[in-house]
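Structural characterization, general
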Amino acid sequence: MALRSTKARWCTAAAAVCAVVCLSLPSAFAEDRLAAATSARTQARPPADQAALPDFSGLPAVSGLPDLGGLTTSALMPDLFVSSSAFKYIKRTQSRIYTGNGFDACTAPPLRAMTAWQKSSGYHALGIYIGGLNRACAQSNLTASWVSSVVRMGWHLAPVYVGRQAPCSRLPHLKLIDPKTATAQAVDAADDAANRAAALGIARGSAIYFDLESYPRKNAACTNTALSYLGTWTQRMHAHGYLAGFYSSAGSGITDLVAAGLPGHVLPDALWIARWDNKSTVQDAAVPSRAWTPHQRIKQFAGAHKESYGGVALNVDKDFLDGPVARLR
């Protein structure tokens, strides 16, 4: 009864949903977090229409959750990240928001390049490709030590995971989603993304962006499979305690996501919109102005090209960020 009482305090308007998770978490979590949760409620009480969310950096691994009669862990975790009020609370307590110029590169640059660019480029954020079956480039520099070093320099990191692609994709040499096993494939991808993020020292509460490259539209079966995969991946990332972002072309994945609304699925927490119009803004015609806001968007506004700062040239895409990025443990 003590466990029920302690965790029930975290649930307000979302009590019915939150109770499922609250009663399933190990009792040690409640005992370890009781003093901190009490202090946090006193110092910064969240709005009355939302649950006070726990600090996911202390959650046990998903595999540590108890067996509840065959239910999966993803089924147990509520959607704590979708509503605007919940997202604002996470922003204040767990996630990291960066607003400003950034770039992404296929390979994490060497520390020498990161040092030179930090001093003179005007960029202060970088997209890094942490894994996925379709990650294109080798990542010899991308280690936990590299991540901690560039963050100490002042860089903000936006982790990207390149999983299976839409089954109708025409891009060569890609591993595609199998409509028959899409759910299992999405769960496997999310588990891998969370494990890779953790290995790099990226803490829970960070945003991990799924990269779905451009695909032909007006194929309902293909679109439904891709978005169903995304919804499952998002829900599973939430079960691991990470925000789930979505990168795609404004002309395919983003437009289809907005149109579909993913009924029955959990929406991604942030969008990374690819439209190479050279407009350094997160506003885009494909996304309604009141959707995924505030601070829930990145835009890739220029494709691959070379830039040089401090005597170091890199091949990059240009981005403008106003959304969640990584934080370190």
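See the structure above.
Figured I'd write up the structure that's included with this text.

What counts and what doesn't
Residues numbered from 1 in each chain as written. Predicted model: local features only at pLDDT ≥ 70, side-chain atom pairs only at ≥ 80, totals over all residues. Heavy atoms only, no water. Buried < 20%, exposed > 50% of the residue type's maximum accessible area, 1.4 Å probe, protein only. Helix = DSSP H or I, 4+ residues; strand = E, 2+ residues; numbered from the N terminus. Arc of directions from axis to C-beta. Contact = heavy atoms within 4.5 Å. Pairing = 2+ DSSP bridges. Right-handed = clockwise from strand over helix to strand, strands pointing away. Disulfide = S-S within 2.5 Å. Core = buried A, V, L, I, M, F, W, Y, C linked by side-chain atoms within 4.5 Å. Axes fitted to C-alpha atoms, helices over the stretch in contact; angles between N-to-C directions. Parallel < 35°, antiparallel > 145°, perpendicular 65-115°, else oblique. Left-handed = near helix turned anticlockwise from the far one by under 90°. Nonpolar A, V, L, I, M, F, W, Y, C, P; charged D, E, K, R; others polar. Salt bridge = Lys/Arg side-chain N within 4 Å of Asp/Glu carboxyl O. Expected span 1.5 Å × (residues − 1).

**Regarding helix 7 (residues 144-153)**
Within the sequence span of helix 7, burial applies to Trp146, Val147, Ser149 and Val150. Viewed end-on, helix 7 has its buried residues packed into an arc of 165°, placing them on one side of the element. Against the buried residues of helix 7 lie helix 6 (111-120), strand 2 (125-131) and strand 3 (156-161).

**A word on the pairing of strand 3**
For strand 3, a buried count of five out of six residues is recorded, marking the element as mostly surrounded by other parts of the structure. In this sheet, strand 3 lies alongside strand 2 in parallel orientation, the contact comprising six bridges. Across the sheet, residue Tyr129 finds its bridge partner in strand 3, namely Val160. Note that the unit made of strand 2, helix 7 and strand 3 has a crossover that is right-handed. Inspection of the sheet shows strand 3 paired to strand 4 (residues 207-212) by two bridges, in the parallel sense. In the strand pairing of strand 4, Tyr161 is matched with Phe210.

**Side note on the state of the cysteines**
By the definition in use, this model includes two disulfides. Residue pairing for Cys106: its cysteine sulfur links by disulfide to Cys137, the two sulfurs lying 1.8 Å apart. Looking along the S-S bond of the Cys106-Cys137 disulfide, the torsion reads about 100°, which is the right-handed sense. Of this pair, Cys106 sits in the loop between strand 1 (96-104) and helix 6 while Cys137 sits in the loop between strand 2 and helix 7, placing them 31 residues apart in sequence. Using a relative accessible area of 24% as the deciding quantity, one classes Cys137 as partly exposed.

**Quick word on the nonpolar core**
Ranked by internal contacts, the top residues of the largest apolar core, which has 57 residues, are Phe103, Trp117, Trp146, Ile208 and Trp233. For Trp146, the contacting residues outside a window of four places in its chain are Ala108, Pro109, Pro110, Leu111, Met114, Leu126, Ile128, Asn141 and Leu157. Within the second largest apolar cluster, 16 residues are counted, among which are Tyr98, Val162, Ala270 and Trp272.

**Re the packing of helix 6 against helix 7**
For the pair helix 6 and helix 7, interaxial distance at closest approach is 10 Å and the crossing angle is 15°. Put simply, helix 6 runs roughly parallel to helix 7. Helix 7 is crossed by helix 6, and the crossing has right-handed handedness. Residues Leu111, Met114, Thr115 and Gln118 of helix 6 pack against Trp146, Ser149, Val150 and Met153 of helix 7. Of the residues in the contact of helix 6 with helix 7, the class split is five nonpolar, three polar and no charged.

**Considerations on the pattern of salt bridges**
When charged atoms on two side chains of opposite charge get close, those side chains can pair. For the structure on display, the rule yields five salt bridges. Across the salt bridge formed by Asp191 and Arg236, the nearest N and O atoms sit 2.7 Å from each other. In this pair, Asp191 sits in helix 8 (residues 182-199) while Arg236 sits in helix 9 (residues 220-239), placing the two residues 45 residues apart along the sequence. Here Asp191 falls in the buried class, since its relative accessible area comes to 19%. The shortest N-O distance in the salt bridge between Asp256 and Arg217 comes to 2.8 Å.

**Description of helix 9**
Under the 1.5 Å per step criterion, the end-to-end length of helix 9 is 29 Å for 20 residues, consistent within 8% with the ideal 28 Å. A positive phi of about 90° marks Gly241, the residue just after helix 9.

**Digging into the environment of Ser308**
Mapped onto the elements of the fold, Ser308 is located in strand 7 (residues 297-309). Judged by relative accessible area, which is 45%, Ser308 ranks as partly exposed. The spacing of Ser308 and Ala113 is 195 residues in sequence and 9.6 Å in space, taken between C-alpha atoms. Not counting residues up to four positions away in its chain, the partners in contact with Ser308 are Trp117 and Ala313.

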